[in-house]
Amino acid sequence: MGSVATDSHFHVLAVDDSIIDRKLIERLLRTSSFQVTAVDSGSKALEFLGFQGDEEKVANPPHVSPNYHQEVEVNMIITDYCMPGMTGYELLRKIKESKSLKDIPVVIMSSENVPSRINRCLEEGAEEFILKPVQMSDVNKLRPHLVRGKAKEQQQTNINKRKGREGIHSLEKSRSRFNDLDVI
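This section reports on the structure supplied with the text.

Calculation rules
Residues numbered from 1 in each chain as written. Predicted model: local features only at pLDDT ≥ 70, side-chain atom pairs only at ≥ 80, totals over all residues. Heavy atoms only, no water. Disulfide = S-S within 2.5 Å. Buried < 20%, exposed > 50% of the residue type's maximum accessible area, 1.4 Å probe, protein only. Helix = DSSP H or I, 4+ residues; strand = E, 2+ residues; numbered from the N terminus. Pairing = 2+ DSSP bridges. Right-handed = clockwise from strand over helix to strand, strands pointing away.

As a further point, take the state of the cysteines. Applying the stated criterion to the full structure yields zero disulfides. The closest cysteine sulfur to the non-disulfide-bonded Cys82 is located on Cys121, 9.6 Å from its own sulfur. According to the relative accessible area criterion, Cys82 is partly exposed, its value standing at 36%. By relative accessible area, which is 0% here, Cys121 ends up buried.

Given below as structure tokens:
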């Protein structure tokens, strides 16, 4: 029961050009108590994440309605491999090359069992490669990746806080030394 309460804090971005597959994955994730945002293309996924090619995060990109882009934390991206415009593999690469997005776990889905494609995605940083149709047992495999991603994020937050405190202590020591100097 405790697992369900914590799962509702996880937000998954689901990307699939097929409305049927998108609704299926969305329903499976919601049934597992995940928060879900579903989009129909890799470019819309990047827009939702606030990604710009030059690494800027934009609060409301000009071609995205203010209601569409939200300041929500995405804990995982699950994307179809074969989509028009930008494939799931290309989306994966953009995310893993981004300084601000690279730690978000990415899962690739496909209805085609092509070993070279699967290996290429896993080598590029995908956490899992799921064959469609996606089933509840596949969704259950995602939990460890979400927990690991959240732990990594918390660890980075703690490091940043510690660096901030160390900077303050260093400044205080410098002031103390300066105040101890005799003025002639």
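The subject of this paragraph is unusual backbone geometry. Omega for the peptide link from Lys132 to Pro133 comes to 0°, which places this bond in the cis form. Among the secondary structure elements, Pro133 is positioned in the loop between β5 (128-131) and α6 (136-140). With phi around 70°, Ser33 is a residue other than glycine that occupies positive phi space. With respect to the element layout, Ser33 can be found in the loop between α2 (19-31) and β2 (35-39).

Across the five residues that make up strand β4 (residues 106-110), a large majority, five, are buried. Burial of β4 is two-sided: the residues Val106, Ile108 and Ser110 facing one way and the residues Val107 and Met109 facing the other way are all buried. Across four bridges, β4 lies against β5 in parallel orientation. Bridge pairing in β5 links Ile108 to Phe129. In this fold, β4 hands off to helix α5 (residues 115-124), which returns the chain to β5; that crossover is right-handed.

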